[in-house]
Amino acid sequence: GGETMMTPDEFSLVQANRAKLYRLFGRLFRAPLSQDDIEALAAAQIGSLKSEDAAFDHGMHVMERYLEKRHTGTRAFLGRDFTAAFLGMRDEAGRYALPYESAFVDATQHYMGTARGKVYNIYKKQALKLAEGIDLPEDHLAFMCEFMATLADRAVEARAASDMTALRENLLLSQAFLKHHILNWYPEFSA
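Thresholds, definitions, all that
Residues numbered from 1 in each chain as written. Predicted model: local features only at pLDDT ≥ 70, side-chain atom pairs only at ≥ 80, totals over all residues. Heavy atoms only, no water. Helix = DSSP H or I, 4+ residues; strand = E, 2+ residues; numbered from the N terminus. Rg over C-alpha atoms; globule rule 2.2 N^0.38 Å. Buried < 20%, exposed > 50% of the residue type's maximum accessible area, 1.4 Å probe, protein only. Contact = heavy atoms within 4.5 Å. Areas by Shrake-Rupley, 256 points an atom, 1.4 Å probe, with all protein chains shown as cover. Phe/Tyr/Trp six-rings, centres within 6.5 Å; stacked < 30°, edge-to-face > 60°. Lys NZ or Arg CZ within 6 Å of the ring centre and 35° of its normal. Salt bridge = Lys/Arg side-chain N within 4 Å of Asp/Glu carboxyl O. Core = buried A, V, L, I, M, F, W, Y, C linked by side-chain atoms within 4.5 Å. Arc of directions from axis to C-beta.

Caption draft 1: Representation of the overall build of the protein chain within the structure. From N to C terminus, the protein chain includes nine helices and zero strands. Helices and strands in the protein chain line up, N terminus first, as α-α-α-α-α-α-α-α-α. Computed over the C-alpha atoms, the radius of gyration of the protein chain is 18 Å, within 12% of the 16 Å expected from 2.2 N^0.38 for a compact globule of 191 residues. Oriented by its inertia axes, the alpha-carbon framework of the protein chain measures out at about 50 × 40 × 40 Å. Going through the 191 residues of the protein chain one by one, you find that 33% of them count as buried. Considering only contacts within the protein chain whose residues lie at least 6 apart along the sequence, 59% involve residues at least 24 apart. For the protein chain, the exposed area adds up to about 11,900 Å²; of that, 57% sits on carbon and sulfur atoms.

Laid out in structure tokens, this is it:
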């Protein structure tokens, strides 16, 4: 095969970009954007982010073009859109589009369901916890994205320190968390 190994610098860049994207997605799902958030997104030139997914690239380009018009009531519009999307939308079965795992893996959409406890324990084992005063469950997609970003950061740190055991553990945990706590419900949520 013609496989090439990724250099340490390439690895670090990929992981740093993963962390940035996860933090962006986490911020988008956490709460309506503030004007400062909108300005930061506009300055980030998200349309220049490139992937191997044409739909993703197109979405980032559309978002960047939309942000160019950010002084025309964008914050108010996005706030209404966020509220309608996550607090007002229901599917044919009457289920709300709530961005947390328990809402999709528990038949009754329990706010603090079993998934929340599982995710809480994973964060605890990684010496992470939500900031005081946050009233959203740990299995909220925003926190899951932040966790994935933290794992990407830790992978970069482990690689820089040549700690291959920590690097492997971070990458395996990231893969398992994505599979078992995001991809197990996100496709239904996003449909």
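That covers the picture; the talk isn't over yet.
Caption draft 2: The arrangement of the packing of aromatic side chains in detail. Across all of its chains, the model carries seven aromatic pairs by this definition. Ring plane angle 45° and centroid distance 5.0 Å describe the contact between Y123 and F147, whose orientation is recorded as tilted. Of this pair, Y123 sits in helix 6 (residues 114-125) while F147 is found in helix 7 (residues 141-160), placing the two residues 24 residues apart along the sequence. A residue is classified by how much of its surface remains accessible, and F147, at 3% relative accessible area, is buried. Among the aromatic side chains, those forming a connected cluster through ring pairs are F29, F104, W185 and Y186. One residue, R116, lies across the ring of Y120, its end atom 5.0 Å from the ring centre.

Caption draft 3: Region of the structure containing the environment of A85. By the secondary structure assignment, A85 is in helix 4 (residues 74-88). Along the chain, A85 and I38 lie 47 residues apart, while their C-alpha atoms are 18 Å from each other.

Caption draft 4: View of the pattern of salt bridges. All chains considered together, the criterion is met by six salt bridges. Between E39 and R70 there is a salt bridge, and its shortest N-O distance comes to 2.9 Å. Of this pair, E39 sits in helix 2 (residues 35-43) while R70 sits in the loop between helix 3 (54-67) and helix 4, and the two are 31 residues apart along the sequence. Residue E39 is classed as partly exposed on the basis of its relative accessible area, which comes to 28%. Between K129 and E132 there is a salt bridge, with its nearest N and O atoms 3.5 Å apart. K129 sits in the exposed class, given a relative accessible area of 67%. Each of the salt bridges in this network shares a partner with another, and the network as a whole consists of R23, E146 and D153.

Caption draft 5: Here's a closer look at the nonpolar core. If you look at the biggest cluster of nonpolar residues, it comprises 28 residues, and the most contacted ones within it are Y123, L141, M144, F177 and F189. Broken down by secondary-structure element, the contributors of at least two residues to this core are helix 1 (8-30), helix 4, helix 5 (102-105), helix 6, helix 7 and helix 8 (164-182). Excluding residues that lie within four positions of it along the chain, Y123 makes contacts with L128, E138, F143, M144, F147 and F177. Core analysis: the next-biggest nonpolar cluster, separate from the first, contains eight residues, A42, I46, M60 and L67 among them.

Caption draft 6: Highlighting helix 2. Looking only at helix 2, the buried set comprises I38, L41 and A42. Taken end-on, helix 2 shows its buried residues confined to a sector of 100°, consistent with a single buried face. With respect to the buried face of helix 2, the exposed residues turned more than 90 degrees away are D36 and A43. Among the residues trailing helix 2, Q45 stands out with phi positive, at a value near 50°.

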